[in-house]
Amino acid sequence: YLHVTSISMCDNDMLSLPEQLCDMKGLQQLDIRRNRLQQLPEALGAMLALRVLHADDNRLKTLPISFPLLPMLRICTLANNSLSWIPNQVGNMNSVTEFVISGNPLRSPPLDI
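**Q** Help me out: how do you make sense of the overall build of the chain in this one?
**A** Helix and strand content of the chain: zero helices and five strands. Traced from its N-terminal end to its C-terminal end, the chain shows the element sequence β-β-β-β-β. The C-alpha atoms of the chain give 13 Å as radius of gyration, which agrees with the globular expectation for 113 residues (13 Å, within 12%). Along the first, second and third principal axes, the C-alpha set of the chain runs to 40 × 30 × 20 Å. The burial tally for the chain puts 44% of its 113 residues in the buried class. Relative to all contacts within the chain whose residues are 6 or more apart in sequence, the contacts with residues 24 or more apart total 20%.

**Q** Before we go on, may I ask you to explain the side chain of Asp 31 in this structure?
**A** With respect to the helices, strands and loops of the structure, Asp 31 is situated in strand β2 (residues 29–31). You can call Asp 31 buried: its relative accessible area is 7%. A polar contact is formed between the side chain of Asp 31 and the side chain of Arg 33, at a distance of 2.4 Å. Here Asp 31 is in contact with Ile 7, Ser 8, Met 9, Cys 10 and His 54, once residues within four sequence places are set aside.

**Q** Explain the sheet that holds strand β3 (residues 52–54) to me, please; I cannot follow it from the model alone.
**A** Picture the strands of a sheet paired through backbone hydrogen bonds; they go either parallel or antiparallel. If you trace the five strands from one edge of the open sheet to the other, you get β1-β2-β3-β4-β5, paired in parallel fashion. For this open sheet the edge positions go to β1 (6–8) and β5 (98–100), each flanked by a neighbour on one side alone. Neighbour-to-neighbour, the strand axes of this sheet turn through a mean angle of 5°, independent of strand direction. Inspection of the sheet shows β1 paired to β2 by three bridges, in the parallel sense.

**Q** Sorry if this is basic, but what is going on with the nonpolar core here?
**A** Among soluble globular proteins, nonpolar side chains are generally buried collectively. Counting residues in hydrophobic clusters, the biggest one holds 29 residues, and the most contacted among them are Leu 30, Ile 32, Leu 40, Leu 53 and Phe 67. Beyond its immediate sequence surroundings of up to four residues, Leu 30 is in contact with Ile 7, Met 9, Leu 21, Leu 50, Val 52, Leu 53 and His 54.

**Q** What is the right way to look at unusual backbone geometry in this model?
**A** Comment: phi is negative for the bulk of residues other than glycine, and the bulk of peptide bonds are trans. Even without being a glycine, Asp 13 presents a positive backbone phi close to 60°. Phi at Asn 80 is positive, roughly 60°, even though this residue is not glycine. Locating Asn 80 in the fold gives a position in the loop between β4 (75–77) and β5.

What counts as what
Residues numbered from 1 in each chain as written. Predicted model: local features only at pLDDT ≥ 70, side-chain atom pairs only at ≥ 80, totals over all residues. Heavy atoms only, no water. Helix = DSSP H or I, 4+ residues; strand = E, 2+ residues; numbered from the N terminus. Rg over C-alpha atoms; globule rule 2.2 N^0.38 Å. Buried < 20%, exposed > 50% of the residue type's maximum accessible area, 1.4 Å probe, protein only. Contact = heavy atoms within 4.5 Å. Polar contact = N/O pair within 3.5 Å; in protein donor to acceptor, adjacent residues only side chain to side chain. Pairing = 2+ DSSP bridges. Axes fitted to C-alpha atoms, helices over the stretch in contact; angles between N-to-C directions. Core = buried A, V, L, I, M, F, W, Y, C linked by side-chain atoms within 4.5 Å.

In structure tokens, the structure reads:
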């Protein structure tokens, strides 16, 4: 799987992502929209090549602590989940150019965004 750069797993009714997915060090784009995910694996932060993450229309309640460690992430869409807060460290992710969090019950956006 070292040469796979893009994976789309939309509309699969998944409850969780396999931890092994995070071992795909060359993965640049991950599309997991329209599933039933409640959380993302903590190992997500080890996906150092990840540039695009589409995780809209799931049931995500939190983001992994490692999320702000994604150094190459450019586009992240998390619309229509169940996120009530976003870690403040997200504001320090200088590579991010598009961050969509609409349709979540956020209590307040991170101050650094």
